Amino acid sequence: TTTTTTITPPHSANKCPEIPGDGCSVCGPSMCVTDFDAVFEFPGQPAVKCGDLQNAGIDGIVPLDQCGFLPGLILDTCKCKNENMRPTAPTMPTHTPTYPPLPDNKCRAVPDKGCSVCGPGMCVTDFDAIFEFPGQPTVRCSDLENAGLNG
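None of the values given here were measured: they were computed from a predicted structure. (Residues numbered from 1 in each chain as written. Predicted model: local features only at pLDDT ≥ 70, side-chain atom pairs only at ≥ 80, totals over all residues. Heavy atoms only, no water.)

**A short note on the overall build of the protein chain**
Argument step 1. Along its length, the protein chain carries 4 helices and 6 strands.
Argument step 2. In the protein chain, the succession of α and β elements from N to C terminus is β-β-β-α-α-α-β-β-β-α.
Argument step 3. Split into buried and exposed, the 151 residues of the protein chain put 36% on the buried side.
Argument step 4. Contacts spanning at least 24 positions in sequence make up 59% of the contacts within the protein chain whose residues lie at least 6 apart.
Argument step 5. A total of about 9400 Å² of accessible surface is found on the protein chain, and carbon and sulfur atoms cover 55% of it. (Helix = DSSP H or I, 4+ residues; strand = E, 2+ residues; numbered from the N terminus. Buried < 20%, exposed > 50% of the residue type's maximum accessible area, 1.4 Å probe, protein only. Contact = heavy atoms within 4.5 Å. Areas by Shrake-Rupley, 256 points an atom, 1.4 Å probe, with all protein chains shown as cover.)

Printed below as a string of structure tokens:
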């Protein structure tokens, strides 16, 4: 049986919604969406309202392996705010690599359903660099590479 949680603004007592163990906070820990009607778009994925994306995270519909890089992608578009709903300076979530570091001049194997964001035989070497593309949110290169490798 699947239960659906619907969060409608404003959050009760200006608190972010509770995140169950099988759910995720798409804005990051202690953060939540404040612009529910804003539309988040990512190449190759359907456009979705930020409120619907947050609800999907809470309901466990967003795969947990994708939760780690979402905050860096949606922070500005969805106007993610901290627990007390006051504006905060945009910050990137603490980075925990999905893959262990490799020796110099080695790239990770690309799974069948994944891709190398740098191109065949190439890989990210500056994990903390920020990738920017006009009209898209900024994203840390390591998060972009992990997203590509995870398909």
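**Things to note about the side chain of Ser-25**
Argument step 1. With respect to the helices, strands and loops of the structure, Ser-25 is situated in the segment before β1 (31-32).
Argument step 2. On the basis of relative accessible area, Ser-25 is assigned to the buried category, the value being 18%.
Argument step 3. Of the polar contacts made by the side chain of Ser-25, one reaches the backbone oxygen of Met-31; its length is 3.0 Å.
Argument step 4. Ser-25 has contacts with Ile-19, Met-31 and Cys-67, leaving out every residue within four places of it along the chain. (Polar contact = N/O pair within 3.5 Å; in protein donor to acceptor, adjacent residues only side chain to side chain.)

**Details of the confidence of the model for the protein chain**
Argument step 1. Across the protein chain, the average pLDDT comes to 74, with 72% of residues at or above 70.
Argument step 2. Note on residues 5-13: pLDDT is under 50 here. Beyond four places in sequence and across chains, it has 16 contacts.
Argument step 3. This stretch, residues 86-98, has a pLDDT under 50; its non-local contacts, to residues over four places away or in other chains, come to 21 contacts. (pLDDT = per-residue confidence, 0-100.)

**Examining the state of the cysteines**
Argument step 1. Under the counting rule described, the total for this entry stands at 5 disulfides.
Argument step 2. Across a sulfur-sulfur distance of 2.2 Å, Cys-16 and Cys-32 are joined as a disulfide pair. Between Cys-16 and Cys-32, the S-S torsion sits near -70°, and that sign places the bridge as left-handed. Within this pair, whereas Cys-16 is found in the segment before β1, its partner Cys-32 is found in strand β1, the two being separated by 16 residues in sequence. (Disulfide = S-S within 2.5 Å.)

**Considering the pattern of salt bridges**
Argument step 1. In the structure shown here, the tally under the stated rule is 2 salt bridges.
Argument step 2. The salt bridge involving Lys-49 is made with Asp-37; its shortest N-O contact spans 3.9 Å. One end of the pair, Lys-49, is in strand β3 (residues 48-49); the other, Asp-37, is in the loop between β1 and β2 (39-40), with 12 residues separating them in the sequence.
Argument step 3. Lys-49 gets classed as partly exposed once you look at its relative accessible area, which sits at 40%.
Argument step 4. Residue classification places Asp-37 among the exposed residues on the basis of a relative accessible area of 57%. (Salt bridge = Lys/Arg side-chain N within 4 Å of Asp/Glu carboxyl O.)

**Some points on the packing of aromatic side chains**
Argument step 1. One pass over the full model with this rule turns up 1 aromatic pair.
Argument step 2. Centroid distance Phe-40 to Phe-42: 6.5 Å. Interplanar angle 20°. Geometry classified as stacked.
Argument step 3. Taking the relative accessible area as the measure of exposure, Phe-42 reaches 28% and is therefore partly exposed. (Phe/Tyr/Trp six-rings, centres within 6.5 Å; stacked < 30°, edge-to-face > 60°.)

**Some points on the nonpolar core**
Argument step 1. One finds Val-26, Val-62 and Ile-74 to be the most contacted residues of the largest nonpolar core, which totals 22 residues.
Argument step 2. When residues of this core are traced back to their parent elements, those giving at least two are α1 (50-58) and α3 (70-74).
Argument step 3. Beyond its immediate stretch of four places on either side in the chain, Val-26 contacts Val-33, Leu-53, Gln-54, Gly-57, Val-62, Leu-70, Pro-71 and Ile-74. (Core = buried A, V, L, I, M, F, W, Y, C linked by side-chain atoms within 4.5 Å.)

**With respect to the layout of surface pockets**
Argument step 1. Volume-wise, the largest pocket comes out at about 550 Å³.
Argument step 2. If you trace the largest pocket, you find 24 residues lining it, with Phe-42, Gln-45, Gln-66, Phe-69 and Leu-70 closest to the centre.
Argument step 3. For the lining of the largest pocket, the secondary-structure elements that each account for two or more residues are α1, α2 (64-67), α3 and α4 (141-149).
Argument step 4. Here the residues of the lining of the largest pocket sort into 17 nonpolar, 5 polar and 2 charged. (1 Å grid on protein atoms, 1.4 Å probe; cavity = no way out; pocket = protein on both sides within 12 Å on 5 of 7 lines; lining within 4 Å. Points joined across faces, edges and corners; volume = space filled by probe spheres on them. Nonpolar A, V, L, I, M, F, W, Y, C, P; charged D, E, K, R; others polar.)

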